[in-house]
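Chain residues, written in single-letter form:
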Amino acid sequence: MSLSEQQVRELLQSVNDPLLKRSIVIRDVKISDKHISVKAALAKTASAEQMDVQQEAVNKLKEAGADSVGLRFEELADDELSPADKEKINPGTPPLLSEGNDTHFIAVASGKGGVGKSTVSANLSAALARQGKRVGLIDADIYGFSIPAIFELERRPEVKNDKIIPPEKNGVKIMSMAFFSEDNSPVLWRGPMLGKMLNNFFTEVVWGELDYLVLDLPPGTGDIALDVHRLLPTSKEIMVTTPHPTAAYVAERAGKMAEKAEHEMIGVIENMAYYESKETGKREYVFGRGGGDAIADKFTVPLLGRIPLAQPNENGESGSSSIFTEDHPIGGIYKTIAGQVINKLERVYTH
Ligand SMILES: Nc1ncnc2c1ncn2[C@@H]1O[C@H](COP(=O)(O)OP(=O)(O)OP(=O)(O)O)[C@@H](O)[C@H]1O
Ligand SMILES: [Mg+2]
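Criteria and cut-off values
- Position numbers for residues start from 1 in each chain and track the written sequence from start to end.
- Note on labels: chains are lettered from A, ligands numbered from 1, in written order.
- Confidence filtering applies because this is a predicted model: local features only for residues at pLDDT of at least 70, side-chain atom pairs given and counted only at 80 or more, and all residues used for totals across whole chains, interfaces and linings.
- In computing side-chain properties, one takes all heavy atoms of the structure into account and sets aside hydrogens as well as water.
- Numbering of helices and strands runs from the N terminus, with a helix taken as a DSSP run of H or I at least four residues long and a strand as a DSSP run of E at least two residues long.
- The classification of residues rests on relative accessible area computed with a 1.4 Å probe and restricted to protein chains. Under 20% of the type maximum is buried, over 50% is exposed, and intermediate values are partly exposed.
- The criterion used for residue contact is that any of the two residues' heavy atoms lie within 4.5 Å.
- Ring pairs shown here join Phe, Tyr and Trp side chains whose ring centres sit within 6.5 Å, with only the six-membered ring taken for Trp; geometry is labelled stacked below 30 degrees between planes, edge-to-face above 60, and tilted in between.
- Definition used: whenever NZ (Lys) or CZ (Arg) falls within 6 Å of the ring centre and also within 35 degrees of the ring normal, the charge is taken to sit over that ring.
- Any residue with a heavy atom positioned within 4 Å of a molecule or strand is treated as near that molecule or strand.
- Each polar contact in these results corresponds to two N or O atoms within 3.5 Å; when the atoms are within protein, one needs to be able to donate a hydrogen and the other to accept it, and residues that are neighboring in sequence are counted only if both atoms are side-chain atoms.
- Polarity classes work like this: nonpolar for Ala, Val, Leu, Ile, Met, Phe, Trp, Tyr, Cys and Pro, charged for Asp, Glu, Lys and Arg, and polar for all others, with Gly in that last group.
- The span one expects for a helix is its residue count, reduced by one, times 1.5 Å.
- We call two strands paired when DSSP finds no fewer than two bridges between them.
- A fitted line through C-alpha atoms serves as each axis, taken over the contacting stretch for helices, and the angle formed by two N-to-C directions is quoted from 0 to 180°.

Concerning the environment of Ile138
Within the secondary structure, Ile138 sits in strand 7 (residues 135–139). For Ile138, a relative accessible area of 0% puts it in the buried group. For the pair Ile138 and Met175, spaced 37 residues apart in sequence, the C-alpha to C-alpha distance is 5.0 Å. Ignoring sequence-local partners within four residues, the contact set of Ile138 consists of Met175, Leu198, Phe201, Phe202, Trp207, Leu213, Val214, Leu215 and Asp216.

Details of the packing of aromatic side chains
Counting across every chain of the model gives two aromatic pairs. When the ring of Phe105 is compared with that of Phe202, the centres are 6.1 Å apart and the planes differ by 80°; the resulting orientation is edge-to-face. Pair noted here: Phe105 is in strand 6 (residues 104–110) and Phe202 is in helix 6 (residues 191–203), with a separation of 97 residues, a long-range link. Phe202 shares its class with Phe105; the two are buried. Lying over the aromatic face of Tyr274, Arg283 brings its terminal NZ or CZ to 4.1 Å of the ring centre. One residue, Arg289, lies across the ring of Tyr285, its end atom 3.7 Å from the ring centre.

Looking at the site of ligand 1
Around ligand 1, the surrounding shell holds 14 residues, and the nearest of these are Gly114, Lys117, Ser118, Thr119 and Asp141. At 3.1 Å, a backbone N or O of Val115 approaches an oxygen atom of ligand 1. With respect to ligand 1, the backbone of Gly116 contributes an N or O atom lying 2.9 Å from an oxygen atom. Looking at the shell around ligand 1, the element that brings in the most residues is helix 4 (residues 117–130), giving three residues. Counted by class, the shell around ligand 1 contains six nonpolar, six polar and two charged residues.

Quick word on helix 10 (residues 329–346)
For helix 10, with 18 residues, the first-to-last C-alpha span of 25 Å sits near the 26 Å given by 1.5 Å per residue. All of the buried residues in helix 10 are Ile330, Gly331, Ile333, Tyr334, Ile337, Ala338, Val341, Ile342 and Leu345. A positive phi of about 50° marks Arg347, the residue just after helix 10.

Quick look at the side chain of Thr241
The residue Thr241 is located in strand 13 (residues 236–241) in this model. Residues in contact with Thr241, not counting those within four places in the same chain, are Ala247, Ala248, Ala251, Val268, Ile269, Glu270, Asn271, Gly291, Gly292 and Ile295.

Observations concerning the sheet that holds strand 5 (residues 68–75)
A sheet is described by the order of its strands in space; here three strands give the open sequence 3-4-5, paired in mixed fashion. The open sheet has two edge strands with one neighbour each: strand 3 (25–32) and strand 5. Each adjacent strand pair in this sheet contributes to an overall mean axis angle of 15°, direction not counted. In this structure, strand 3 lies alongside strand 4 (residues 35–42), joined through seven bridges in antiparallel fashion. What sits directly across from Ile31, in strand 4, is Ile36. This element, helix 1 (residues 5–13), spans strand 3 and strand 4 of the sheet and lies at about 140° to strand 3. Along the sheet, helix 2 (residues 48–63) contacts strand 4 and strand 5; its crossing angle with strand 5, the most-contacted strand, is approximately 150°.

Okay, structure coming up:
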C-alpha cells in the first residue's frame, strides 16, 4: 500500500516538536514506489528530542503502511521562531544573573532574629529608590516573610506570559515568599528549597533593569549564605546588629560565615541603637552600646549608621507602613546610609 503526500502530511501533523509543543514543520515530502522521504524542521536537532521525534514519525508512517521511510531534519530558521520559542529552546541565564549585568546585589544579614533586619532592608531599599535608583527587594526570610507588611503592601504580583511581575511600593519592586503562601502558617523549608526558591525569583520574575537588588536573608544559618553565594557570587553584604555586646558577638559569627561564602561585607548598621526623648532630646542607650562599632572594627568596614528606637506609626506616613519618609529624622539616617552604599558600590567621588 502506498501513501499519498496528503496522507503523509496529515500523519505527521500529530508529531509534536518536544520543545515547542506544536506540530513539527514539514518541509518536503517525496514518494517513490514504496519509499517515503520526508524533510522536516525542528527547534533543536542532534538532540535527544530529535531522536524521539524520529522514532515517532517513522512508526506512524510504517503503521500506516509505508515500507521504508527516510527522514531528514534541519533546524528551524531564526525567523520561524518567536521570542518565546527561543526562550524555550535556550532558557539561558536570566538577565539579572547574566554576565555584564551590573546590578549591585546586597544581602542584608544578621546573627540572630528580631534585630530589625527586615525593617532595615525595607527602609534601605526605599532610601535607594528615593535617590533615583532602580531597586528590587527579595524577602528571602522564609520563616517570617515580613516585607509586605512593612510596606503595607496589599497587591500581589501579576502573572503575564508565564512570568511574574513584582508589585511595587515606595519605588521598590518587591518579591516575597508570602505571595506564594495562602495562609499565615509557617512553611517548613529545607535548605535546598530555599536555593530553588531564590533561583526561581531570578528566572521567573520580570525585574527589568535594576541598579540594586536587596535580599533580606533569614537570620543565622550558613547554608543560606552559601546558596546566595552560588547564585550571586558578586553579592555584597550588610550586617545588622543591635548595640548589645552579646548581639555583636553573634553578628560576628554571621560575619565569619559571610567571609566563608566570600561575600564582601560593606558595612554594619546598628539598629535600636538608643532611645531619644522627644522632650529633652536626651539619648538613652536602652540596649547597651558599642555592638555596631565592635563588628565594624572586627571586619574593618564602616558603621553605616545607627537607627534609634522608634514607635510604630511615627514614620511620618499614614497607616501602618514601617517605611520612614525622607523628612523624618530616621528617614534622614537611611538617606545617609543609602548615600554611603552608593558611594561605596558605584565609586562616585564628588570633588
Ligand atoms: N529601630 C526600631 N525601633 C523600634 N522597633 C523596631 C526597630 N527596628 C525594628 N523594630 C521592630 O522590631 C521587630 C523586629 O523587626 P524586624 O522584623 O525588622 O526584624 P528581623 O531581624 O527581620 O526579624 P526576623 O528575625 O523575625 O526576621 C518588629 O516588630 C519591628 O517593628
Ligand atoms: Mg525579618
